[in-house]
Amino acid sequence: QVQLVESGGGLVQPGGSLRLSCAASGSIFSINVMGWYRQAPGKQRESVARTTSDGSTNYADSVKGRFTISRDNTKNTVYLQMNSLKPEDTAVYYCNAQIQTSRHAYTGRYWGQGTQVTVSS
């Protein structure tokens, strides 16, 4: 089985910073894309940032220049450094990963449990 465990959420003032982490564990053969999504109350879940196994990255326009995604392949962990946070960044942030559990297995899409980020004064 595969698990994604997130950490690092919390309450921060506007303009502040937070760093989210997401560690994948379990039966893992390879991990392709790892990324972060968020869902604010009353809104649909949206993609925030993603990174592939070769290090390429992609960001939502709303976070470009403020958020940085990175990964440590030796630890099967993805990070999201969030700077210059705004109240509109308030949401539950979910980690997502495309994982192959064995050489001949299909690639599955896995989600973390979510971590709350609240930006408020």
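For the structure, see preceding data.
Residues numbered from 1 in each chain as written. Predicted model: local features only at pLDDT ≥ 70, side-chain atom pairs only at ≥ 80, totals over all residues. Heavy atoms only, no water.

Undergrad: Sorry, what's going on with the nonpolar core here?
TA: Note on soluble globular proteins: their nonpolar side chains tend to be buried together. By size, the foremost hydrophobic cluster in this structure holds 29 residues, and its most contacted members are W36, V48, F67, L80, M82 and Y93. When contributions to this core are tallied by element, the ones reaching two or more residues are β1 (2-7), β3 (18-26), β4 (30-39), β5 (46-51), β7 (67-72), β8 (77-82), β9 (91-100) and β11 (115-119). (Core = buried A, V, L, I, M, F, W, Y, C linked by side-chain atoms within 4.5 Å. Buried < 20%, exposed > 50% of the residue type's maximum accessible area, 1.4 Å probe, protein only. Helix = DSSP H or I, 4+ residues; strand = E, 2+ residues; numbered from the N terminus.)

Undergrad: Looking at this structure, I do not really get the packing of aromatic side chains. What am I missing?
TA: Ring pairs (aromatic) are described by centroid distance and by the angle formed between their planes. By the definition in use, this model includes one aromatic pair. When the ring centre of Y94 is taken as reference, the NZ or CZ atom of R45 above it lies at 3.8 Å. (Phe/Tyr/Trp six-rings, centres within 6.5 Å; stacked < 30°, edge-to-face > 60°. Lys NZ or Arg CZ within 6 Å of the ring centre and 35° of its normal.)

Undergrad: Is there a simple way to think about the side chain of E6 in this case?
TA: You can see E6 is positioned in strand β1. Here E6 occupies a buried position and makes no salt bridge, while the nearest side chain of opposite charge, R45, is found at 7.8 Å. From its side chain, E6 meets the backbone nitrogen of Q113 in a polar contact 3.2 Å long. Within the local environment of E6, its side chain forms a polar contact with the backbone nitrogen of G114, the two atoms lying 2.4 Å apart. Contacts of E6, omitting those with residues within four sequence positions, involve S21, C22, W36, Y93, Y94, C95, G112, Q113, G114 and T115. (Lys, Arg positive; Asp, Glu negative; His and termini not counted. Salt bridge = Lys/Arg side-chain N within 4 Å of Asp/Glu carboxyl O. Polar contact = N/O pair within 3.5 Å; in protein donor to acceptor, adjacent residues only side chain to side chain. Contact = heavy atoms within 4.5 Å.)

Undergrad: Just checking my understanding: could you explain the sheet that holds β8 for this structure?
TA: What links the strands of a sheet is backbone hydrogen bonding, and the strands pair in either a parallel or an antiparallel sense. Strands sit in the order β1-β3-β8-β7 across an open sheet of four strands; the sheet is antiparallel. Pairing within the sheet leaves two strands with one partner each, and these edge strands are β1 and β7. Direction aside, the axes of adjacent strands within the sheet are offset by 15° on average. Across six bridges, the pairing between β7 and β8 is antiparallel. Counterpart to I69 in the pairing with β8 is L80. (Pairing = 2+ DSSP bridges. Axes fitted to C-alpha atoms, helices over the stretch in contact; angles between N-to-C directions.)

Undergrad: Sorry if this is basic, but what is going on with the pairing of β8 here?
TA: Within a regular beta strand, the side chains point alternately toward one face of the sheet and then the other, so they alternate between its two faces. Counting buried residues in β8 gives five out of six residues, a clear majority hidden from the surface. As judged from the six bridges shared by β3 and β8, these two strands associate in the antiparallel manner. In the strand pairing of β8, L18 is matched with M82. Here β7 folds back onto β8, and the loop between the two strands holds four residues, one of which, N76, carries a positive phi near 50°.

Undergrad: Sorry if this is basic, but what is going on with the environment of S121 here?
TA: Within the element layout of this structure, S121 appears in the segment after β11. When the C-alpha atoms of S121 and Q13 are compared, they prove to be 5.0 Å apart, with 108 residues separating the residues in sequence.

Undergrad: Looking at this model, I keep getting lost on the pairing of β3. Mind explaining?
TA: Bridge analysis of β1 against β3 gives six bridges, and the strand direction is antiparallel. Along β3, the bridge assignment pairs Q3 with S25.

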